[in-house]
Amino acid sequence: MGAIAFLSYLLGSVPFGLVLTALSGEGDIRKVGSGNIGATNVLRTGRKDLAAATLALDAVKGAVAVAIAWVMTPPDMGAQAMCVAAVFAVLGHCFPLWLGFKGGKGVATGLGAVMALSWPAGLAGCAVWLLGAKLTRISSAGALLAFAVMPLVLMALSGFSFSASPKPLAGVLIAVLIFVRHHANIARLLNGTEPRIGK
Ligand code: G3P
């Protein structure tokens, strides 16, 4: 299980937003907008293509970490391994070794990881995220709503029992990480200064 956690952390820690913007001549994304390395901030460079690629690659690394864990472990340990992989991939994105543990906010990686853990919960999260962001025009609001809903969906799918499956606990841990990483966004949402998408 330790190897899966370490591998997932390493995979999650690949900072695609930072790499793509640097390679495309957009400079250091940490010096733009919110300073975050995620797709929302990449969009603030005006490069929709880079933002879409960052979103996709950050989500894929979360899903791939879970898939690798599933392949690497025997069936009786599969669910636990997938959950460990999901949490550690998000941890890697949020606290990457390469960037002095100052990484992103985990939204795309968390969505990809939860999608691989449980596609109904992942789809519900994506729907809430897109709808929340569309209605509020605030990316963080959509993300926070999505990660509030996904653990509830995972719990409902497990019959509201933490002993039936480790997935609800993984969903809660990922949500806690995402809310912690959004502490500055939450403060801005509360005082009405959180920027709208594209601003
Ligand atoms: O995906 C991160 C998003 O929820 C907030 O990003 O750059 O507005 O802090 P940002």
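The coordinates are above.
On a predicted model such as this, the values are computed, not experimentally measured, just so you know. (Residues numbered from 1 in each chain as written. Predicted model: local features only at pLDDT ≥ 70, side-chain atom pairs only at ≥ 80, totals over all residues. Heavy atoms only, no water.)

Caption draft 1: Molecular detail of the site of the ligand. Surveying the vicinity of the ligand reveals the residues S34, N36, T40, N41, R44, K105, V107, S139, S140, A143, H182 and N185. Separating an oxygen atom of the ligand from a side-chain N or O atom of R44 is a distance of 2.8 Å. Within the side chain of K105, a nitrogen or oxygen atom sits 2.5 Å from an oxygen atom of the ligand. Considered on its own, the ligand offers 310 Å² of accessible surface; in the complex 94% of this is hidden by protein. For the shell around the ligand, the elements supplying multiple residues, two or more each, are α3 (39-43) and α8 (139-157). Counting residues per element, the shell around the ligand draws most heavily on α8, at three residues. Among the residues making up the shell around the ligand, the classes are represented as two nonpolar, eight polar and two charged. (Near = heavy atom within 4 Å. Polar contact = N/O pair within 3.5 Å; in protein donor to acceptor, adjacent residues only side chain to side chain. Areas by Shrake-Rupley, 256 points an atom, 1.4 Å probe, with all protein chains shown as cover. Helix = DSSP H or I, 4+ residues; strand = E, 2+ residues; numbered from the N terminus. Nonpolar A, V, L, I, M, F, W, Y, C, P; charged D, E, K, R; others polar.)

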